[in-house]
2 protein chains.
Amino acid sequence: RLLFNLEVRKMDNTGYCGESFNSLQSGTSDEDMVEITGATLDFSSTDDVPPLDRDYGGSYGVGNGPNGVPKLMDLLDEPVPGVGTYEDFNTIDWVREKSKDRDRHREIATKSKESTLALMKSISDAFSGWLLMLLVGLMAGALAGGIDISAHWMTDLKEGVCLNGFWFNHEHCCWNSNETTFQERDKCPNWKSWAELIVGTNDGPFAYIMNYLMYVCWALLFSFLAVSLVRAFAPYACGSGIPEIKTILSGFIIRGYLGKWTLMIKTITLVLAVSSGLSLGKEGPLVHVACCCGNILCHLFTKYRRNEAKRREVLSAAAAVGVSVAFGAPIGGVLFSLEEVSYYFPLKTLWRSFFAALVAAFTLRSINPFGNSRLVLFYVEFHSPWHLLELIPFILLGIFGGIWGAFFIRANIAWCRRRKTTRLGHYPVLEVLVVTAVTALLAFPNSYTRMSTSELISELFNDCGLLDSSQLCNYANVSVTKISSDALPDRPAGPDVYTAMWQLSLALVFKMLITVVTFGMKVPSGLFIPSMAVGAIAGRLLGVGMEQLAYYHHDWVIFRGWCSPGADCITPGLYAMVGAAACLGGVTRMTVSLVVIMFELTGGLEYIVPLMAATMTSKWVADALGREGIYEAHIRLNGYPFLESKEEFSHKTLAMDVMRPRRSDPPLSVITQDGMSVEEVESLIAETSYSGFPVVVSHESQRLVGFVQRRDLVISIENARKRQEGVVSASRIFFTEYTPPQPPNSPPPLKLRGIMDLSPFTVTDHTAMDIVVDIFRKLGLRQCLVTHNGRLLGIITKKDILKHMAQMANRDPDSILFN
Amino acid sequence: RLLFNLEVRKMDNTGYCGESFNSLQSGTSDEDMVEITGATLDFSSTDDVPPLDRDYGGSYGVGNGPNGVPKLMDLLDEPVPGVGTYEDFNTIDWVREKSKDRDRHREIATKSKESTLALMKSISDAFSGWLLMLLVGLMAGALAGGIDISAHWMTDLKEGVCLNGFWFNHEHCCWNSNETTFQERDKCPNWKSWAELIVGTNDGPFAYIMNYLMYVCWALLFSFLAVSLVRAFAPYACGSGIPEIKTILSGFIIRGYLGKWTLMIKTITLVLAVSSGLSLGKEGPLVHVACCCGNILCHLFTKYRRNEAKRREVLSAAAAVGVSVAFGAPIGGVLFSLEEVSYYFPLKTLWRSFFAALVAAFTLRSINPFGNSRLVLFYVEFHSPWHLLELIPFILLGIFGGIWGAFFIRANIAWCRRRKTTRLGHYPVLEVLVVTAVTALLAFPNSYTRMSTSELISELFNDCGLLDSSQLCNYANVSVTKISSDALPDRPAGPDVYTAMWQLSLALVFKMLITVVTFGMKVPSGLFIPSMAVGAIAGRLLGVGMEQLAYYHHDWVIFRGWCSPGADCITPGLYAMVGAAACLGGVTRMTVSLVVIMFELTGGLEYIVPLMAATMTSKWVADALGREGIYEAHIRLNGYPFLESKEEFSHKTLAMDVMRPRRSDPPLSVITQDGMSVEEVESLIAETSYSGFPVVVSHESQRLVGFVQRRDLVISIENARKRQEGVVSASRIFFTEYTPPQPPNSPPPLKLRGIMDLSPFTVTDHTAMDIVVDIFRKLGLRQCLVTHNGRLLGIITKKDILKHMAQMANRDPDSILFN
């Protein structure tokens, strides 16, 4: 019934990540998303209005100029602080913000012709965007490097400690020993497992149990610290953050979501959560961390601090930076931002994002967190080409990825909904501890789940070389004919490979189940790495299977010609990579960016085709089983006002079916341009909760003049009553250009044309809703007025559209919570 | 004075590529951009209206239904052929086209629930886009392969012929001989230069003159053939095509520009033009060729044949395909399409473009035109890293590229304008022959200009190996300490290198000057390769200079630490590549796509930073010297209605300053919704030349009801007069939903609500022009109505906006020719 309402419907007690939004205001600070004017105006209590520096007495249009010509000065000349800002949990008006920025730009350009100083300022203004990008890249790259190093160290800490110094991780500790390959790295003398340290030996069941126990204890300690820090200091630091960032980039305001507290706590707890061995990754949270960096650094530049639209350009670039450092893929990161996260992405931002992503990648590389001059643990180089027939298993992997993606989204959303609606959500710390305990207890016995998930993926992607001594590369030795070449012929699997297959199968089932309950808990948790791990395991299993099939049955028709004995025809590592792409694609529904990220990991254009085939299949299968990707599903679960730009609105409804008021409702609340007194307007504001009112010529004609925001109206009247002589309840409010002469004894009028939007968007009542949705998406509107034959008839807000879309898709329209 | 006029102002006699548009209608065919209904309606002569299959008698709203309820049937039920199509040289209405496609989609989706056949149709409809992309990729890849092979052969034909068979090119001819390196390839026994063939020897001045003469003759023959074919069969085949494709993608219609004749002739003449040795490349024309393929293949699918917006999605993808095959860079191609060419590029198109670009790249690779499994001649692999200090020469190259780009654009535009306005444009064949003769005469003596430009670039990009025997790699032999490594230490230059430096300097000046007059001639001509060649020469010169400096002065402060003797510290090939990127960036103002294309050529993420530094500098320098890239400059030269999406409109004007009618003009021509007779409307049409009329409630109220296109109105009245009983001049035209009862003896009314756009876009007269421009760009409007307080006041068309922008930039507003 309420149209365009201000009332922020607080989420129930078990909101996102198990916390209500009411209690989320702690930790907001200067870096908040909204604070634009420096001083926050709390206009519910009049005492808080900050004293104005100048007297506005003469500028409210009191009386006329000397020759009876009315003064043209109005509020525009001296903006009241707070006018033009937004409330928390509201949507910005893109058109207004962009227009504001153009005004600012125009002003600087005009001034720059006057003096050298102004010219310098204009130049520094033009380059501030680049400087900001440089800073974002440096900061995010440095943070990512720190996170990688700390997580590496703390993951190893669960297994043992270095005698040279507890601050060395396992690899670093064994730097000088040559036995750093997978199998023998436990034999490095300086690295002591906890059992060795405590009972002096690493053999026997007692030592095993000791190591097991220490592993679980560390895991519990890390996850307890993580969840406690999140709860105590920055509730927004939980989860992956990508759904919220998508919503923020589309124009929503969540104060403090990208603030400095969130950044600090998310960085620390991310390390803890990853180290605790939970089935989660750091990629999604890294995007959040990079966006926090972007938002905080925006405060250094007025241009970006003051403008919500400009700031979102920086955040789009920051999202690219996040993926760039997570996967060492700058181009993939930019495409990820373009495809998956961003809403408004002009070409200028594309170029700047690319720059920032590169700076971040090179910063990370100079930190060299993995000691191999690579940006990620799982960079691979394959040596042998693939055969056209292999597309069949690749497409099978795509189908698996699609089914798993759709299943995961359903299961995870069902679980998260249960957390929101049942008592489960009341005990977030307990939940995290239980899941950690279960994960650690089940993970330790299996070496493939015990190692960190990135290491597992790296292991699975790896193409077995001659000298590889890992379990997965334990093939029977056949006479190698050409040692000089990098490519090894297919060989029969040794016993260790069969053991590994069993362990991997168990790991697959374990990862598939535990990830469902892990994602959405109250710790920072990314989804990329667990999804990729599931796919990589499945792919490697299939790959080894294919390889053995090809080895033992190379005379079959399908293998004839390309799998002769001694030829290297199947690369199981490639299957793992294709599987990883398929599963990640099924969960997130990424397409181009996913393929490009994977391309940047392998470096060979040749492997794009398998990746593309699998990703395409996976997306089609997953889309057939459920329209939404995981991020859209979480956005909808949380009721954010997000207008998806990918989905076509395909119903044949008209604007008049969606607009308010409905046929049976009372007519639209409007303000007339010259007929209402301060008192009448105040009572209109008190009686309704709409966030804005159309201004019309008269109630009879209903001809539209403009639109005024409730917030601006309240602030202006409040301000005028306090600061302007003689404005009382009986004063008339004018939105006209010229104030007509007032009767002698009447109180001075209040001119408010300056706060009125003179160019409100209108559509006719016969406009098809698909066109209206398109206009809202492309222009980023908050509301649009509906006219019929030139008369004002109603209003459509973004929330109305989202509710209508939910209704059309047979979903609950009340699930849309914010405007 | 005329607003929104239909009158296509024919270009003067020396229009684009020296040909007027009047004579360009030859060669239009089924593949034309516009023919949608199958039969073209020439509504100026009534005889041509095709007979309708059904009698429309009852559906024109004659009389009311049984209970006095008026019939709701109107023209919408049975669309008159021709309604909703566009004229040549007009702009499409994106909103209408997209809406039409959604209607079609909705219809198919509804039907698919009814029968299995309809479901199959719906699925095949959904996959037709992918099939189309596959076909476009295959066709464009195959054509590109053919062009590469033919151009290679014909370029070699200028120098000699193969005795094994005249159809072998030089490299193919010497396949079995091992001496295929640059210096010794002339010694292959089966390949005979013309002098050898005719006078039996290749030595002495006479043989040289003989070769020289044959070279010039072949060049003249090829260019004469090219220009004659273009003139005779497909005038649109000239030039690079990218400016026109940009305009077409933004919604303009040029019939026949992407037709089958253009495709055939452009493919053939491109080979001829490249082989003739003119300073032009095949990259731009390849984009045109790929777009022709896309447009022609669209005709296989109703979905794309019938909808101008959908077809443009395919063309955007085809543009990506063109660059993908030109540079072997699928990702770069997609980004090029996104950044440089496309106007409407939804994410779905991004994914499909990527697919098509990959298919094309793999098709081309399987054709293997260069015999090295690479997609391009100038794929390179560098071995040594670069040093931070080298950024200084890279930035210098960027400055050079920017200055050259700005100079080139100015000079080329001045030359093209001269061609259009003076007698020069009357002799296109002569012009081409003279330029070819000059090019050939000057090019032959210098081996670097004699070889094809791609070969030159490949040579310059090449990092000198130990076994390289080319002139550029003739370094003095120093004791090589580590032969096993690929990296060679810096060595002092030998005498041949100094000779090469001189020749390259001359080649640089020659290329810089000749390209200015070549681009824009009446042959297919791309700009990428000549620009890259200029930059590569400059870069190589600087690179060799730096290398020698570092060798002889390795004790200087700047070289200390990284250029010790015996170290490989400077790679001249990298300088050439950076220079090429800088010059190409200066001319086209590409950014991300350029860097990604170059990245795909080198394959190493490491070299992105130098490329980026140079491209960024080059763009900034070029932008400071002149705002427009070469394509925008050519669009403006030709007066196309192209609304640039990159440039911000920064002037503070309002909609009322731009709209027509102006204050002194007669009021806007409108149609009332129920008051006008057929005769009155016909005379309104005859008196004005506007392409559409607003429909209002009444002349007094000026309240807007809708908007009707002139073309639709003419067709409908014409049709009604012929087919519908009793519609005469005195019949009244109704745009209302219900027709009021008519007086007994009056002629039957004509209901035209069906052809009226019920949701015309409106803005208020106070809307800032920057917002209006934004709306036009983002929604792809043709026109927008302007209201004041709910009353219709005027109209703004795309042409009005472009004229206003031209005026604001102190350019001639009459340079905008089309609507």
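Residues numbered from 1 in each chain as written. Chains lettered and ligands numbered in written order. Predicted model: local features only at pLDDT ≥ 70, side-chain atom pairs only at ≥ 80, totals over all residues.

Details of the overall build of chain A
Now for step 1: Looking only at helices and strands, chain A has 27 helices and 11 strands in total.
Now for step 2: Sequence-distant contacts in chain A: of pairs separated by 6 or more residues, those separated by 24 or more amount to 76%. (Helix = DSSP H or I, 4+ residues; strand = E, 2+ residues; numbered from the N terminus. Contact = placed C-beta atoms within 7 Å.)

Topic: the interface of chain B and chain A
Now for step 1: Counting residues at the interface gives 46 residues for chain B, matched by 46 residues for chain A.
Now for step 2: The set of elements that each furnish at least two residues to the side of chain B that touches chain A consists of α1 (94-112), α11 (330-341), α12 (347-367), α20 (592-602), α21 (608-625), β6 (704-709), β10 (762-764) and α26 (769-779) of chain B.
Now for step 3: With 7 residues, the single largest contributor to the side of chain B that touches chain A is α12(B).
Now for step 4: Residue composition of the side of chain B that touches chain A, grouped by class: 24 nonpolar, 12 polar and 10 charged. (Nonpolar A, V, L, I, M, F, W, Y, C, P; charged D, E, K, R; others polar.)

A word on the relation of the copies chain B and chain A
Now for step 1: Superposing chain B onto chain A takes a rotation of 180 degrees plus a shift of 0.0 Å along the axis, which leaves an RMSD of 0.0 Å. Between the two chains, the operation in question is that of a two-fold axis. Relative to the rotation axis, the C-alpha of B:Gly790 is the closest in chain B, positioned 2.5 Å from it.
Now for step 2: A shared interface surface links the copies, since 100% of the contact residues of chain B are contact residues in chain A too. (Least-squares fit on C-alpha atoms with pLDDT ≥ 70 in both.)

Some remarks on the sheet that holds strand β9 (residues 756-757) of chain B
Residues and elements named next belong to chain B.
Now for step 1: Spatial ordering of the open sheet is given by β3-β5-β6-β9, a layout of 4 strands whose pairing is mixed. The open sheet has two free edges, formed respectively by β3 (671-672) and β9, since each of these has just one partner strand.
Now for step 2: Taken together, the 5 bridges between strand β5 (residues 692-696) and β6 define a ladder with antiparallel strand orientation. Paired with Phe693 across the strands is Val708, a residue of β6.
Now for step 3: Contacts from helix α25 (residues 710-723) reach β5 and β6 within the one sheet, and its direction differs from that of β6 by about 75 degrees. (Pairing = 2+ DSSP bridges. Axes fitted to C-alpha atoms, helices over the stretch in contact; angles between N-to-C directions.)

Comments concerning the pairing of strand β12 (residues 791-797) of chain B
All names here are of chain B.
Now for step 1: The buried fraction of β12 is high, at 6 of 7 residues.
Now for step 2: Across 6 bridges, strand β11 (residues 783-788) lies against β12 in antiparallel orientation. Residue pairing in the sheet places His788 in a bridge with Arg791 of β12.
Now for step 3: What sits between the antiparallel neighbours β11 and β12 is a turn of 2 residues, in which Asn789 has the positive phi angle 45 degrees. (Buried ≥ 20, exposed ≤ 12 C-beta atoms within 10 Å, placed from the backbone.)

Overview of the UniProt feature "domain: CBS" (unreviewed entry) in chain A
All names here are of chain A.
Now for step 1: Following the UniProt record, the feature "domain: CBS" (unreviewed entry) maps to residues 659-723 and 756-813 here.
Now for step 2: Helix makes up 37% of residues 659-723 and strand 23%. Its end C-alpha atoms lie 38 Å apart.
Now for step 3: Within residues 756-813, the helical portion is 38% and the strand portion 28%, while the C-alpha atoms at the span's ends are 31 Å from each other. (UniProt positions renumbered as here; feature names shortened; annotations may be inferred.)

Let's talk about the confidence of the model for chain A
All names here are of chain A.
Now for step 1: Scored by pLDDT, chain A has a mean of 82; 86% of the residues are at 70 or more.
Now for step 2: Of the regions scoring below 50 in pLDDT, residues 1-16 engages in 45 contacts with residues more than four places distant in sequence or in other chains.
Now for step 3: Across residues 479-485, where pLDDT falls below 50, the model places 1 contact with residues more than four positions away in sequence or in other chains.
Now for step 4: Taken together, the chains of this predicted complex give a pTM of 0.86 and an interface ipTM of 0.84. (pLDDT = per-residue confidence, 0-100.)

Describing unusual backbone geometry
All names here are of chain A.
Now for step 1: Geometrically, the link from Arg660 to Pro661 is a cis peptide bond, its omega value of -5 degrees lying close to zero.
Now for step 2: As for its placement among the helices and strands, Pro661 is situated in the loop between α23 (655-658) and β3 (671-672).
Now for step 3: Positioned with a positive phi, Phe89 is a non-glycine residue whose angle comes to about 55 degrees.
Now for step 4: With a phi close to 55 degrees, Gln702 is a non-glycine residue in the positive phi region.
Now for step 5: Tracing the backbone through its elements, the reader meets Gln702 in the loop between β5 (692-696) and β6 (704-709).

With respect to the packing of helix α19 (residues 572-588) of chain B against α21(B)
In helix packing, the relevant descriptors are the interaxial angle and the interaxial distance, both defined with respect to the helix axes.
Residue and element names in this part refer to chain B.
Now for step 1: Running from amino to carboxyl end, α19 crosses α21 at an angle of 30 degrees, the nearest separation of the two axes being 8 Å. Considered as vectors, α19 and α21 are oriented roughly parallel to each other. Once α19 is placed against α21, the crossing between them reads as right-handed. Note on element contacts: α21 touches α19 through Pro610, Leu611, Ala614, Thr615, Ser618, Lys619 and Ala622, opposite Leu574, Val578, Ala581, Ala582, Gly585 and Gly586.
Now for step 2: A class-by-class count of the residues in the contact of α19 with α21 yields 8 nonpolar, 4 polar and 1 charged. (Parallel < 35°, antiparallel > 145°, perpendicular 65-115°, else oblique. Left-handed = near helix turned anticlockwise from the far one by under 90°.)

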